[in-house]
Amino acid sequence: MGYWNDTDMSSRATTGTLISGLVIAGVGIILLLDQTGVINANMLFRFWPLAFCVAGAIRLGDSRRTVDQVWGGFLVCLGALLTLHEFGYIHFGLAQLWPLFLILAGVLLAWRANEVREGRGGVRLAGKNGNLGSVSIFGNIERNVDGKMTDNGELVAIFGGFKVNLARAEMEGDEAVIDAVAIFGGGEIIVPEWWRVSVEGVGVFGAYVDKTRHIPHADRPVKLLRIRGAAVFGGVEIKSY
């Protein structure tokens, strides 16, 4: 059914937390040394594009699918190119490279369409709403889901947005995973309040915000939804309803 075991989930969460913690600590050390006159932080902060490399490395470390590996590799390469630009080795930066996001999105969209057609991609729903897999490019997608989730899925917003309401959805197993990626865009996911939610997304010049609350219902089994991905110059918000 596409679910991962507890060891896989724990390893993924630990990897993301470890790398994020090291990055935050590194920034703090740089600022401390700058404040004490040991180094010039302005020079070191020219390495800011390495944030893309970090996000890509987390993606690659957590990858279980080809799509994850492609996204991770793309972010690592983008970060490397932008770092070279900061130091004058190449003359094109983010202002020139942003169409690469569209190229990659188009390729992954075609890839994803083929997976869905072959029954290998998306959160399959036993209800009437089809697969929970949406890509928004320079646009917005809104979906109210009232089917039964039987697999994992993916939501992507590039210069666009998505809003998915799962408040009336059911989950066939005990756990499910949704990849939610926002690049120069935003997304909102609404989940039932009796579901437990583990938000494992990474913000790179963006935010991954968890506003959920877990209120158990005696007549409802406890389900776990893991939401992961990256918000790059964008934001993803998860709420309970």
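As the structure is a computational prediction, the values presented were derived from the model and not from experiment.

Asker: Where do I start with the state of the cysteines in this structure?
Answerer: Considering all chains together, one arrives at zero disulfides under this definition. No disulfide involves C53; its nearest neighbouring cysteine sulfur is the one of C77, lying 8.3 Å away. On the basis of relative accessible area, C53 is assigned to the buried category, the value being 17%.

Asker: I'm lost on the sheet that holds strand β5 (residues 161-165) in this one. Help?
Answerer: In sheet architecture, strand pairing relies on hydrogen bonds along the backbone and comes in two forms, parallel and antiparallel. The sheet built from five strands is open, its strands ordered β2-β5-β8-β13-β11 with parallel pairing. Lying at the two open borders of the sheet, with one neighbouring strand each, are β2 (140-144) and β11 (207-211). Between one strand and the next, the sheet's axes are offset by a mean angle of 5 degrees, whatever the strand orientation. Where strand β8 (residues 186-191) meets strand β13 (residues 235-240), six bridges bridge the pair, whose relative direction is parallel. Opposite I190, over in β13, you have K239 as the bridge partner.

Asker: Looking at this model, I keep getting lost on the side chain of D179. Mind explaining?
Answerer: Within the secondary structure, D179 sits in strand β7 (residues 175-183). Of the polar contacts made by the side chain of D179, one reaches the side chain of R228; its length is 2.9 Å.

Asker: Whenever I open this one, the pattern of salt bridges confuses me. Can you help?
Answerer: Within the structure shown, the criterion is met by eight salt bridges. Between K239 and E188 there is a salt bridge; the shortest N-O distance is 3.2 Å. One end of the pair, K239, is in strand β13; the other, E188, is in strand β8, and 51 residues separate them in sequence. A salt bridge links E237 to K211, with the shortest nitrogen-to-oxygen separation between them at 3.0 Å. Taken together, the residues span a long stretch of sequence, with E237 in strand β13 and K211 in strand β11 at a distance of 26 residues. Judged by relative accessible area, K211 falls into the partly exposed class, the value being 48%. Here the salt bridges share partners, and the residues they tie into one network are E188, K211, E237 and K239.

Asker: I keep staring at the confidence of the model for the protein and nothing clicks. Help me out?
Answerer: Caution is warranted with low-pLDDT regions, since their predicted coordinates should not be read in detail. Summing up the model confidence of the protein, the mean pLDDT is 75 and the portion of residues at 70 or higher is 76%. No element of the protein has a lower mean pLDDT than helix α1 (residues 6-35), which averages 64, and none a higher one than β8, which averages 91. Below a pLDDT of 50 lies the segment residues 1-13, which in the model reaches 27 contacts outside its immediate sequence neighbourhood of four places, other chains included. Note on residues 121-130: pLDDT is under 50 here. Beyond four places in sequence and across chains, it has 40 contacts.

Asker: Can you walk me through unusual backbone geometry in this structure?
Answerer: Among all residues except glycine, the phi angle is most often negative; among peptide bonds, the trans geometry is most common. Here F184, not a glycine, exhibits a phi torsion of approximately 50 degrees, which is positive. Here F184 lies in the loop between β7 and β8.

Asker: Sorry if this is basic, but what is going on with the pairing of strand β12 (residues 223-232) here?
Answerer: For a regular strand, the rule is simple: side chains alternate between the two faces of the sheet. With respect to burial, β12 is a largely interior element, ten of its ten residues being buried. What you see with β12 is no split at all: K223, L225, I227, G229 and A231 on one side and L224, R226, R228, A230 and V232 on the other are buried throughout. Alignment of strand β9 (residues 195-199) against β12, held across five bridges, turns out to be parallel. Within the sheet, the bridge partner assigned to W195 lies in β12 and is K223. In the sheet, strand β10 (residues 202-204) pairs with β12 via three bridges, with the strands oriented parallel.

Rules behind the numbers
- Residues numbered from 1 in each chain as written.
- Predicted model: local features only at pLDDT ≥ 70, side-chain atom pairs only at ≥ 80, totals over all residues.
- Heavy atoms only, no water.
- Disulfide = S-S within 2.5 Å.
- Buried < 20%, exposed > 50% of the residue type's maximum accessible area, 1.4 Å probe, protein only.
- Pairing = 2+ DSSP bridges.
- Helix = DSSP H or I, 4+ residues; strand = E, 2+ residues; numbered from the N terminus.
- Axes fitted to C-alpha atoms, helices over the stretch in contact; angles between N-to-C directions.
- Polar contact = N/O pair within 3.5 Å; in protein donor to acceptor, adjacent residues only side chain to side chain.
- Salt bridge = Lys/Arg side-chain N within 4 Å of Asp/Glu carboxyl O.
- pLDDT = per-residue confidence, 0-100.
- Contact = heavy atoms within 4.5 Å.

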